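# Fold and contact review
Residue-level listing of the chains:
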Amino acid sequence: MPVTDQAFVTLATNDVYCHGALVLGQSLRNHKTSRRLAVLITSQVSSAMRAALNTIFDTVVDVNEIDSNDSMHLALLERLELGVTFTKLHCWTLTQYSKCVFMDADTLVLCNIDELFDREELSAAPDSGWPDCFNSGVFVFKPSLKTYNLLLQFANEHGSFDGADQGLLNSFFNNWATTDINKHLPFLYNLSSSVVYTYAPAFQYFGKDAKVVHFLGPSKPWNYKYNPQTRTVIEDGSSSLSNSQLCFLQLWWTTYSSDVLPLLEKTQESSEPQIQREEPNLSGDESKLERGNPATSSSLPANEEHVSETVANSPDELFAKKDDVTSSVSELCIQPNPEVLSAEDERRKWEEGHIDYLGKDAFENIKKKLDSFLL
Ligand code: UDP
Ligand code: GLC
Ligand code: MN
């Protein structure tokens with residue numbers, strides 16, 4: 001039964017974060033949430049994106065951008081772009097709902113998490129960087145104009161210790177760490193993808209029960225390159241990702257390429273032709289996906305050294321045991337990871353005598369290619 005007075009809420013102040021919001025919304029739908037889906041957006045979001053958001057979310061709410069303009073604290077956080085996360089505060093104005101769960105646009109749901117609505121304001125999981133603070137990427141709250149105004153007033157009077165929403169919310173809900181253990185969500189509801197590597201034994205032991213993955217930090221899934229043919233995320237060479245991070249990235253991209261990209265193609269067609277996407281690697285043409293965005297493609301020579309290693313030797317290496325909840329992640333983890341080479345590199349390898357007789361260079365494949373030229 002749909003529950004119409006409760007909602008999952010996210011935020012996207014620009015088209016780039018909309019890609020994340022669309023994947024998050026789709027992942028909630030895939031896991032059959034009975035709650036409403038709402039997204040807060042600002043005037044920067046293009047009409048094509050609005051159309052796409054409208055097909056996945058029940059409500060798309062236009063709000064004013066709120067920026068902390070606190071470059072001093074944001075510099076300490078090393079994320080100058082996060083001043084606009086004060087816009088998140090608007091979620092308290094959604095008073096058509098009696099209770100909501102806010103989720104960052106860089107989160108991905110791995111199973112149904114509707115049980116979160118049994119929790120009270122303000123419930124959240126510990127922040128992996130400072131566990132006496134909660135992470136504001138996933139939290140349960142109760143919309144209220146009174147709370148909204150108090151938050152704004154608090155922001156004006158005290159600012160935020162990190163220049164963004166998490167510092168502000170932790171100072172405002174300052175008894176979270178000490179008062180009510182029921183308000184501590186398990187870490188599994190906000191698993192920081194970037195830190196699982198630092199506590200690999202715990203991840204191996206508990207990771208199978210992960211419910212929400214959070215791509216926290218400056219590198220977001222949409223900054224990576226992806227080969228849709230092989231369904232492989234390509235590392236940019238500057239970072240080394242753990243197996244688990246790669247698995248989660250692949251899951252994000254699988255959702256993106258199978259559910260979101262076709263939707264964007266449709267909405268892009270029906271909106272004005274002059275609208276340009278901000279991210280070339282997210283263009284409607286799947287073949288361009290491999291190219292990456294300008295920030296990463298220039299640093300990525302088309303060279304197999306940058307292709308990710310096989311994601312995991314077995315799912316058991318990653319998870320202590322499999323279950324339904326993470327089976328989709330586990331399946332992705334054992335996908336063979338064929339080399340992704342440019343046409344030029346393919347040719348070079350062939351000329352050097354590195355021929356994959358049983359795989360892509362098998363006679364059957366060569367014949368298919370020749371046939372396609374003849375037709
Ligand atoms: N956000 C946004 N526009 C921005 C930056 C952030 O809409 O320019 C929203 C988005 O929902 C995002 C959240 O604010 O997920 C928090 O930012 P981010 O996830 O980048 O922070 P992190 O979790 O990496 O600290
Ligand atoms: C955290 C949270 C994010 C928040 C940011 C800035 O990392 O994950 O939601 O916007 O800090 O406070
Ligand atoms: Mn985030």
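Shown above is the structure to which this text applies.
Scope of this entry: the structure provided in the associated data block. Given the structure is predicted, the values throughout are model-derived calculations rather than measurements.

## Remarks on the nonpolar core
Counting residues in hydrophobic clusters, the biggest one holds 55 residues, and the most contacted among them are Leu22, Leu53, Met103 and Ile113. The dominant element in this core, judged by the number of residues it contributes, is helix H7 (residues 243-270), at eleven residues. Among all residues touching Met103, those that are not within four sequence positions of it are Phe8, Val9, Thr10, Leu11, Leu24, Val109, Ile113, Gly137, Val138 and Val212. Listed in part, the 28 residues of the second largest apolar core include Leu40, Leu122, Leu151 and Phe173.

## Digging into the site of ligand 2
Around ligand 2, 13 residues are found, and the nearest of them are Lys88, Asp104, Asp162, Asp165 and Gln166. Note that an oxygen atom of ligand 2 is positioned 2.7 Å from one of the side-chain N or O atoms of Asp104. At 2.8 Å from an oxygen atom of ligand 2 is found a side-chain nitrogen or oxygen belonging to Asp162. Protein coverage of the free-state accessible area of ligand 2, which is 310 Å², stands at 88%. Counting only elements with at least two residues in the shell around ligand 2, the list comes to strand S7 (134-141) and helix H5 (165-172). With three residues, S7 is the largest single contributor of residues to the shell around ligand 2. When the residues that make up the shell around ligand 2 are grouped by side-chain class, the tally is three nonpolar, six polar and four charged.

## Here's the deal with the packing of aromatic side chains
Each aromatic ring pair is described using two quantities: the centre-to-centre distance and the angle formed by the ring planes. Counted by the stated rule, this structure contains 17 aromatic pairs. Judged by centre distance (5.6 Å) and plane angle (55 degrees), the rings of Phe139 and Phe141 are tilted. In terms of burial, Phe139 and Phe141 fall into one category: buried. Through pairs of rings, three or more aromatic residues link up here, namely Trp92, Phe102, Phe139, Phe141, Phe154, Phe172 and Phe173.

Rules and cut-offs
Residues numbered from 1 in each chain as written. Chains lettered and ligands numbered in written order. Predicted model: local features only at pLDDT ≥ 70, side-chain atom pairs only at ≥ 80, totals over all residues. Heavy atoms only, no water. Core = buried A, V, L, I, M, F, W, Y, C linked by side-chain atoms within 4.5 Å. Buried < 20%, exposed > 50% of the residue type's maximum accessible area, 1.4 Å probe, protein only. Helix = DSSP H or I, 4+ residues; strand = E, 2+ residues; numbered from the N terminus. Contact = heavy atoms within 4.5 Å. Near = heavy atom within 4 Å. Polar contact = N/O pair within 3.5 Å; in protein donor to acceptor, adjacent residues only side chain to side chain. Areas by Shrake-Rupley, 256 points an atom, 1.4 Å probe, with all protein chains shown as cover. Nonpolar A, V, L, I, M, F, W, Y, C, P; charged D, E, K, R; others polar. Phe/Tyr/Trp six-rings, centres within 6.5 Å; stacked < 30°, edge-to-face > 60°.

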